[in-house]
Amino acid sequence: MLNITGPIQPNLPPSQERADQFLKVNQRIAGEIISISNENVVLAVNGVQIVAKMTSADQLALLLDRRFANFVVKEIANNQITLQLASPAQNSTSQKAAANNSIGLALLEQYGLPADAANLSIVQAALNRGLKISPELINDMRQVLEAVPGWSQTDVQLATAIKSAGLPLSEGSLNLAQNSIKDVTSNFINLVNQLTETLNRPGLPAQTQQMIRSTLSALQNTLIQSGGSIENIEQNLLISIKGLGSSLENEISKLLTQSTKEYPGSNINGILFNLASLRHELANAGMGRLVDTIDRFIEGMRWTHFVNVEPEQPLAKGQWTQLDLPITFGFNALNQVQQYNVHNLQIRVAHEEDSEEGSRINPDYTRLVIHVDLNEFDTIKVDLSIVSKMVAAEITASNNEICSKASEELDELKMGLSNLGYTLKTSKIELGNTILEMDLDESGKFLPTISSIDLGV
């Protein structure tokens, strides 16, 4: 039976020897749950991965829906660590300790840095994210934050979220995280509606009309029309991914590497380039409302492309390619698009860390997760773990009716995978939570407060 409980792990093997140096019996620790197998849990504790056993199967089961947890070290013997979940009373004690910020004070004192409110806030947020604390990290984050007038705790959480995802933190990337509206459906609908409204405006110059028509046509192609044949849906999906999945900067960089003196813009017909050109045209025509809507759409796509860049270092929880696309059920003409019939299609693909090629997607060893908003209330998530052309499918839906329909279509899924050269080895359909747990949580609101570590000194 296949058992892939998390994303593809980079070549960072758990280090039990290092763990022995800072873990002691009866010590309380906080760890990030990386993966869970039948008997063991892999944790990231103070920047070190460890493999541990829980005191019982029930304890292990309690970790399945958690991202972070507090533990007590019960035993260390023969290079095997046994943990027990901390009791509520112990967690309460930890929270009181956190209020005093003693861990932040100790770290700043050790590094000879000022123990002011700004540094304490940075250290605590970084600890909660499981980041390795260093003077360089604190100074780099503070330098970026101080470029933001009146920066707040929310800005600190955004900065640490970017850092923990292995993404480059700069004034520009923090500004993008702060200001981009990341709801592709909302951005898409607002853009289509305003473009259509502007196209019907009397006295619009012919050149501007043609640019708007061209842009609306490109947007039509990016809207996934799910009511057609399988072949049409596949083609539609491919066009949508190509249209929205590649950044404008990437397209321009490809052209710049070619041995040509031709102006790059003459060879670009991508939707984002068309929108940027249209925005420039409209900016001089007093159409500020539409210009703002175009900006929001482009900035939302820039954020999507940013979170998919190669991380600065291998990530403990692996890297994911992320793409959100608009989808509608049944064919809908673009000039009739309404809020209620356009939904989010979210695609996540796990990477494999290769020592020579870096992070890449290996179709023989990966995890593909597809999440669809079926309407305002109902969702479905299809999670495929792939090893050597064998697939384990976990399908989670928000109500029993969707589960029943998914069960009826399981044979069709099996046949479709077979046509692609894959074998459906196991499958599970259940009612439950369809949240995409691999997404970058920018808010930090669900993170526990890490209040104690063993510095080993």
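Residues numbered from 1 in each chain as written. Predicted model: local features only at pLDDT ≥ 70, side-chain atom pairs only at ≥ 80, totals over all residues. Heavy atoms only, no water.

Caption draft 1: A look at the overall build of the protein chain. Looking only at helices and strands, the protein chain has 16 helices and 14 strands in total. Among the 457 residues that make up the protein chain, the fraction classed as buried is 45%. Pairs at least 24 apart in sequence give 62% of the contacts found in the protein chain among residues at least 6 apart. Put simply, the protein chain shows about 23500 Å² of open surface, and 50% of that area lies on carbon and sulfur atoms. (Helix = DSSP H or I, 4+ residues; strand = E, 2+ residues; numbered from the N terminus. Buried < 20%, exposed > 50% of the residue type's maximum accessible area, 1.4 Å probe, protein only. Contact = heavy atoms within 4.5 Å. Areas by Shrake-Rupley, 256 points an atom, 1.4 Å probe, with all protein chains shown as cover.)

Caption draft 2: The packing of helix 6 (residues 135-145) against helix 7 (residues 153-164), seen in detail. Axis separation between helix 6 and helix 7 bottoms out at 11 Å; the angle between their running directions is 130°. As summarised for this structure, helix 6 and helix 7 are arranged oblique, according to the angle between their axes. Two packed elements cross with a definite hand, and for helix 6 against helix 7 that hand is right-handed. Packed against helix 6, whose contacting residues are L137, M141 and L145, the element helix 7 presents D155, V156, A159, T160 and K163 at the interface. Classifying every residue of the contact of helix 6 with helix 7 by side-chain character gives five nonpolar, one polar and two charged. (Axes fitted to C-alpha atoms, helices over the stretch in contact; angles between N-to-C directions. Parallel < 35°, antiparallel > 145°, perpendicular 65-115°, else oblique. Left-handed = near helix turned anticlockwise from the far one by under 90°. Nonpolar A, V, L, I, M, F, W, Y, C, P; charged D, E, K, R; others polar.)

Caption draft 3: Quick peek at the environment of L278. Within the secondary structure, L278 sits in helix 13 (residues 271-283). The buried category is assigned to L278, whose relative accessible area is 0%. As for L278 and V291, which are separated by 13 residues in sequence, their C-alpha atoms are 8.7 Å apart. L278 has contacts with L195, M211, I212, T215 and I294, leaving out every residue within four places of it along the chain.

Caption draft 4: Broad picture of the sheet that holds strand 2 (residues 40-45). Strand order in this closed barrel of five strands is 1-2-3-5-4, and the pairing throughout is mixed. Within this sheet the neighbouring strands show an average axis-to-axis angle of 55°, counted without direction. Alignment of strand 2 against strand 3 (residues 48-54), held across six bridges, turns out to be antiparallel. If you follow V42 over to strand 3, its bridge partner there is V51. (Pairing = 2+ DSSP bridges.)

Caption draft 5: Representation of helix 15 (residues 400-408) in the model. Taken as a whole, helix 15 has its buried residues at I402, C403 and A406. Down the axis, helix 15 shows its buried residues gathered within 105° of arc, on one side only. Pointing more than 90 degrees away from the buried face of helix 15 are the exposed residues N400, E401 and E408. Here the buried face of helix 15 lies against strand 12 (379-387), strand 13 (390-397), helix 16 (410-419) and strand 14 (423-431). (Arc of directions from axis to C-beta.)

Caption draft 6: Layout of the packing of aromatic side chains. Here the structure, examined in full by the defined rule, presents one aromatic pair. Look at W303 and F306: their rings are 5.7 Å apart centre to centre, the planes differ by 40°, and that puts the pair in the tilted class. On the criterion of helical spacing, the pair formed by W303 and F306 is a turn pair, its members being three residues apart in helix 14 (residues 288-307). Each member of the pair, W303 together with F306, is buried. (Phe/Tyr/Trp six-rings, centres within 6.5 Å; stacked < 30°, edge-to-face > 60°.)

Caption draft 7: Geometry of the nonpolar core. With 41 residues, the main nonpolar core has L195, L219, L275, I294 and F297 as its most contacted residues. Counting only elements with at least two residues in this core, the list comes to helix 9 (184-199), helix 10 (206-222), helix 13, helix 14, strand 7 (320-328), strand 8 (343-350), strand 13 and helix 15. The residues touching F297, leaving out its near neighbours within four places in the chain, are N187, F188, L191, L219, L244, L272 and L275. Membership of the second largest hydrophobic core comes to 31 residues, among which are I122, A125, L127 and A177. (Core = buried A, V, L, I, M, F, W, Y, C linked by side-chain atoms within 4.5 Å.)

Caption draft 8: Representation of the sheet that holds strand 11 (residues 365-373) within the structure. Ordered in space as 6-7-8-11-12-13-14, the seven strands form an open sheet in which the pairing is mixed. A single partner strand is all that each edge strand has here, and the edge strands are strand 6 (224-225) and strand 14. As defined by bridge partners, strand 7 adjoins strand 8 across eight bridges and the pair is classed as antiparallel. What sits directly across from Q322, in strand 8, is R348. Most of the contacts of helix 11 (residues 230-245) go to strand 7, to which it runs at about 120°, and overall it touches strand 6, strand 7 and strand 8.

Caption draft 9: How the structure looks around the pattern of salt bridges. The final tally for this structure, using the stated rule, is 10 salt bridges. Note that D383 is salt-bridged to R367, the shortest N-O span being 2.7 Å. With a gap of 16 residues between them, D383 in strand 12 and R367 in strand 11 connect regions that are remote in the sequence. Just as D383 is buried, R367 falls in that class too. The closest approach of N and O atoms between E401 and K405, which form a salt bridge, is 3.6 Å. With a gap of four residues between them, E401 and K405 both fall in helix 15, about one helical turn apart. In this structure, a network of salt bridges that share partners links the residues D116, R142 and E146. (Salt bridge = Lys/Arg side-chain N within 4 Å of Asp/Glu carboxyl O.)

Caption draft 10: Looking closely at the confidence of the model for the protein chain. Looking at the protein chain as a whole, its pLDDT mean stands at 80, while 79% of the residues score no less than 70. Scored below 50 in pLDDT, residues 1-14 shows 44 contacts in the model against residues more than four places distant or in partner chains. Counted against residues more than four places away or in other chains, residues 444-457, with its pLDDT under 50, gives 30 contacts. (pLDDT = per-residue confidence, 0-100.)

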